[in-house]
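Residue strings, one per chain:
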Amino acid sequence: MTRWIRGLFGLILLVAPARAEPPAPESDAPAQNIVIGYLRRAENRTAISRLALPAENDGQAGAESGLDDNNVAGEFLGQTFSLVAHRLKPGEDAGAALADLEGRGARFVLADLSAENLLKAADSAAGAKTLLFNIGAADEVLREEFCRANVIHVAPSRAMLADGLTQYLLWKQWRKFLVVVGSHDADRLWAEALKRSATRFGGKIVEERMFADAGGARRADSGVALVQKQIPAFTQNAPAYDVMLAADESAVFGEYLPYRTWDARPVAGSAGLVPTSWDPSYEQAGATQLQQRFERKFSRRMSALDMNGWTAARMIGEAAAHDAAGDIGAARAYFLSKDFALAAFKGQKLTLRDWNLQLRQPILLSDGRNVVSVSPQEGFMHQFSELDTLGLDRPETKCRLK
């Protein structure tokens, strides 16, 4: 009966433009309420362009949209889903914040935190009683040296993003890369992922240059003129290359590179062609219906962080539909089983890597207006799943779950 209901629910999500009214639950028993926590970072993300500034509810809106979808199926199964949220204050302990959510009934918590705070939450007393879903941190160490058995990674890692991008560039026969990296730690980590990926797939780094963050206000009246002179001078006299790879997670310079480089070359990475888990222009595999539902509810477009939140919420909904949401151990076992496969509007179902709890998923490549391609690319083969050509594979992992 449960499998039939889940199949009907998937059909409703794909074809129904508006929410249909389902029949009442078959039982008079009180509904099971599944509380999902949302723990978010204190700081706002930065952006060069005001058009790229994230919404105040970035990520949480996606989780709420996922709960709406869960509640459609929940009406059949006698289940309800609700969200409780906590935003870290500057200097607040992440473990204490997680304890607040756990005290409000949340055993499943979606976490948009820095790597440091995510580990603090996972290793806290409250972390032992919750299952965390990492929706915001791309750090490789969270999946490798510092992996945790109570943290499921919904957000793709930097290695997955870099591999998705590099596969396409090599499919285009663009093999020579000039890497421009920012001066912040996150920029260097992104650059390492890009360089590793280039080496892995047979590309060549011809040179690496650092763009130092000297501060200043490029949005001022003189900013455009300054950048127009600075970027060509910074990028001239480079060895022959096919693509400039920008590693600028700190949003200092990357978006200034396209159309301003000394040589007429495409830019990719943090600007130009950008790898991501989601893009508001994506319309394949039924994604238009999801995008439209989100836009009607929140009057804005769905971001990658929103999609990560939606995906995590839907994973919990799937666990509930399989009677595995009453206990975090049962839920974790379900996610690692052959029964788990999430339809997430990406053309193929998503599953979980058992060696580091990373969600397998395609990587979208966006130019800011369109999805140029979706990786893994044709010709990149794997003995188990082509999705495992993205990111560190089982033989490469350093993760020892604990």
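Counting from 1, residues in each chain are numbered in the order their sequence is written. In keeping with the model being predicted, local features are shown solely for residues with a pLDDT of at least 70 and side-chain atom pairs are shown and tallied solely at 80 or more, while totals for entire chains, interfaces and linings include all residues. Heavy atoms throughout the structure, all of them, feed into the side-chain values; hydrogens and water do not.

All right, on to the overall build of the chain then. What counts as a helix is a DSSP run of H or I of at least four residues, what counts as a strand is a run of E of at least two, and both are numbered from the N terminus. Within the chain one finds ten helices and twelve strands. The cut-offs for exposure are 20% and 50% of the maximum accessible area for each residue type, with area from a 1.4 Å probe on protein chains only; residues under the lower value are buried, those over the upper are exposed, and the others partly exposed. Taking all 402 residues of the chain together, the buried fraction comes to 52%. Contact criterion: two residues are considered in contact whenever any of their non-hydrogen atoms come within 4.5 Å of each other. Counting only contacts in the chain whose residues sit at least 6 apart along the sequence, the fraction spanning at least 24 positions is 71%. Only the protein chains shown count as cover for residues, with accessible areas throughout obtained via the Shrake-Rupley method and a probe of 1.4 Å. Within the structure as shown, the chain displays about 18000 Å² of accessible surface, and the carbon and sulfur contribution to it stands at 52%.

Here we take up the pattern of salt bridges. Think of a salt bridge as a Lys or Arg side-chain nitrogen and an Asp or Glu carboxyl oxygen that are within 4 Å of each other. Counted according to the given criterion, the structure contains 25 salt bridges. One salt bridge connects Glu396 with Arg196, and the closest N-O pair in it is separated by 3.8 Å. Placement of the pair is Glu396 in the segment after β12 (371-375) and Arg196 in helix α6 (residues 185-201), with a sequence separation of 200 residues. The residue Arg200 makes a salt bridge to Glu396 at a minimum N-O spacing of 3.6 Å. Linking Arg200 in helix α6 with Glu396 in the segment after β12, this pair joins segments that are 196 residues apart in sequence. Given the relative accessible area of 30%, Arg200 is considered partly exposed. When salt bridges with common partners are traced through the structure, they connect Asp163, Arg196, Arg200 and Glu396 into a single cluster.

It is worth spelling out the sheet that holds β12 at this point. At least two DSSP bridges between two strands are required for those strands to pair. Strand order in the open sheet made by the three strands is β10-β11-β12, with antiparallel pairing throughout. Where the open sheet ends on each side, the last strands, each with one partner, are β10 (274-276) and β12. The mean angle between the axes of side-by-side strands here comes to 25°, regardless of whether they run parallel or antiparallel. Judged from the four bridges that link them, strand β11 (residues 363-366) and β12 form a sheet pairing that is antiparallel. Looking at the pairing, Leu365 lines up with Ser373 of β12. The angle between two axes is taken between their N-to-C directions and runs from 0 to 180 degrees, where each axis is a line fitted to C-alpha atoms and a helix contributes only its stretch in contact.

Here Pro266 is to be found in the loop between β8 (243-247) and β9 (267-269). Sequence separation of Pro266 and Val243 is 23 residues, and the distance between their C-alpha atoms is 5.3 Å. Excluding residues that lie within four positions of it along the chain, Pro266 makes contacts with Trp174, Asp242, Val243 and Met244.

Take the packing of helix α2 (residues 60-77) against helix α8 (residues 287-298) next. Two elements in contact, α2 and α8, have axes separated by 11 Å at closest approach and are oriented at 110°. Judged on the interaxial angle alone, α8 and α2 are roughly perpendicular. In this structure, α2 crosses over α8, and the sense of that crossing is right-handed. The segment α2 lies against α8, with Ala61, Gly62, Glu64, Ser65, Asp68 and Asp69 engaging Leu290, Arg293, Phe294, Lys297 and Phe298. Our angle categories are set so that under 35 degrees counts as roughly parallel, over 145 as roughly antiparallel, 65 to 115 as roughly perpendicular, and the remainder as oblique. Each crossing gets its hand from how the near helix is turned against the far one by less than a right angle, where anticlockwise is left-handed and clockwise is right-handed.

Turning our attention to the nonpolar core. By size, the foremost hydrophobic cluster in this structure holds 44 residues, and its most contacted members are Leu110, Phe133, Ile152, Met315 and Phe335. Contributions of two or more residues to this core are made by β1 (32-40), α2, β3 (108-112), β4 (131-134), α8, α9 (304-321) and α10 (328-335). It is α9 that contributes the most residues to this core, nine residues altogether. In this text, buried Ala, Val, Leu, Ile, Met, Phe, Trp, Tyr and Cys residues form a nonpolar core when linked through side-chain atoms within 4.5 Å. If you look at the next biggest cluster of nonpolar residues, it comprises 25 residues, including Val179, Leu273, Ile363 and Leu365.

What follows is about α10. In an α-helix there are 3.6 residues to a turn, and that puts residues three or four apart on one side. Within α10, burial applies to Ala331, Tyr334 and Phe335. The buried residues of α10 all sit within an arc of 95° when viewed along its axis, so they share a single face. Pairs of N or O atoms within 3.5 Å make up the polar contacts considered here, provided that, within protein, one atom can donate a hydrogen while the other can accept it, and that residues adjacent in sequence are counted only when both atoms are side-chain atoms. Measuring from the backbone nitrogen of Gly329 back to the side-chain oxygen at the start of α10 gives 2.9 Å, which picks out Asp327 as the cap. The reported arc concerns the directions from the helix axis to the C-beta atoms and nothing else.

Further remarks concern the confidence of the model for the chain. The quantity known as pLDDT measures the predictor's confidence residue by residue, on a range of 0 to 100. For the chain, mean pLDDT is 90; residues scoring 70 or higher make up 90% of the total. Counted against residues more than four places away or in other chains, residues 1-5, with its pLDDT under 50, gives five contacts. Note on residues 14-25: pLDDT under 50 across the span, and 17 contacts to partners over four residues away in sequence or across chains.

Turning next to the pairing of strand β6 (residues 176-182). A regular strand places its side chains so that they alternate between the two faces of the sheet. Counting buried residues along β6, six of its seven residues qualify, which places the element largely inside the surrounding structure. Bridge count between β6 and strand β7 (residues 204-211): seven bridges; the pairing is parallel. Across the sheet, Leu178 pairs through a bridge with Glu207, a residue of β7. Between the parallel elements β6 and β7, the chain passes through α6 in a crossover that is right-handed. Clockwise travel from the first strand over the helix to the second, with the strands pointing away from the viewer, marks a crossover as right-handed.

In this sheet, strand β2 (residues 79-87) lies alongside β1 in parallel orientation, the contact comprising nine bridges. Bridged to Leu39 within β2 is His86. On the question of chirality, the crossover connecting β1 to the parallel β2 by way of α2 is right-handed.

In this section: the side chain of Asn134. As for its position among the elements, Asn134 is in strand β4. Among the polar contacts listed, one links the side chain of Asn134 to the backbone nitrogen of Gly136, at a separation of 3.2 Å. Beyond its immediate stretch of four places on either side in the chain, Asn134 contacts Ala111, Leu118, Leu142, Arg143, Val151, Ile152, His153, Val154 and Ala155.

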